[in-house]
Amino acid sequence: MKPTLVSVVIPAYNAMEHIDEQLTALASQDYDGEFEVIVSDNRSTDGLAQFIANHPATDALSLQVVNASEARGGGYARNVGVAASRGDFIAFCDADDRVHPSWLTAITRAAENSDAVGGVVETTSINSAEVATWRTFTTETQFGSNDFLPYGITCTFGIWRAAFDVIDGFDLRYVNSGEDIDLSWRLQLAGMTLAHAPDAVVAYRLRSTYRGTWNQTRAYGIATAQLYSRFRDHGQKRTAPRELALTVLALLIFNPLIPQRICPMPRGRWFVHAGNLVGKIQGSVKHRVLYI
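Residues numbered from 1 in each chain as written. Predicted model: local features only at pLDDT ≥ 70, side-chain atom pairs only at ≥ 80, totals over all residues. Heavy atoms only, no water.

Draft legend 1. Just the overall build of the chain, in detail. Along the backbone of the chain there are 11 helices and 8 strands. Here the C-alpha atoms of the chain give a radius of gyration of 19 Å, agreeing with the 19 Å that 2.2 N^0.38 yields for 292 residues. Each of the three principal axes of the chain carries a C-alpha extent, and together these read 55 × 40 × 35 Å. Taking all 292 residues of the chain together, the buried fraction comes to 53%. Within the chain, counting contacts between residues at least 6 apart in sequence, those at least 24 apart form 80% of the total. Surface exposure of the chain reaches about 13,800 Å², of which carbon and sulfur atoms provide 52%. Each charge sign in the chain was given a centre, from 26 positive and 30 negative side chains, and these centres are 12 Å apart. (Helix = DSSP H or I, 4+ residues; strand = E, 2+ residues; numbered from the N terminus. Rg over C-alpha atoms; globule rule 2.2 N^0.38 Å. Buried < 20%, exposed > 50% of the residue type's maximum accessible area, 1.4 Å probe, protein only. Contact = heavy atoms within 4.5 Å. Areas by Shrake-Rupley, 256 points an atom, 1.4 Å probe, with all protein chains shown as cover. Lys, Arg positive; Asp, Glu negative; His and termini not counted. Charge placed at Lys NZ, Arg CZ, Asp CG, Glu CD.)

Draft legend 2. The arrangement of the state of the cysteines in detail. Counting across every chain of the model gives 0 disulfides. Looking at Cys 93, it has no disulfide partner, and the nearest cysteine sulfur is the one in Cys 155, 8.7 Å off. In this structure Cys 93 comes out as buried when scored by relative accessible area, which is 0%. (Disulfide = S-S within 2.5 Å.)

All quantities given are derived from atomic positions and should not be read as evidence of function.
Right, dumping it as structure tokens:
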């Protein structure tokens, strides 16, 4: 079944620097159906709402901006965007990334026989060569397929509106990260299906500083502990002791005090793994579980 109308929902916070690149990419999609674009402004202070209201692609994208300032977080902004949308199929992407030309075609095609769809990301075309080494992704398997259930990430994700309504959208208890994994898992535990769309590709913009990388991956770590507190009874597993030991050992051996010229680990990758581990510890304390 092909959607009658696709609503592309983009949560945004102070996204003026990059959102035009994303909107330009959406205007260049090869999708042959009708779609609209909704930017859900989550407390921006950079003039984003006015910029979107006067954007030259307004007509081509059926573009509108909605106010999502009552609460903080991407999940809340996406829920507000969906509530303002008209489509029977919802596609999510982020303001600071860039969808590939066939993204919308691929994600809607994969959804014809499923309730939701997770796409893939690449990091080489939108980041510097150095930053692109900090985190690596593969298009061969779904995200999370080795940990518990597969999941989609909301920079490249699609879901039929009926399914979104059944599971009550995004859980607002996840403020900084994890809401997309939670939604994907609740969807499947409710008996619905999540498809993998390897052709629904998004250029994913990484944090380009050590501090930004640390903050982002620490938030991921906190969220994974929060997820474990909710889904451990459904079968989610902790990190295997051997994997944890290897991570700690690598962090010690390849720490930033080692001269870069003799260290095989890119320094940014060290901050990815260290931030994530610290986040898991903090999340374990906060949510009263052991998840490291």
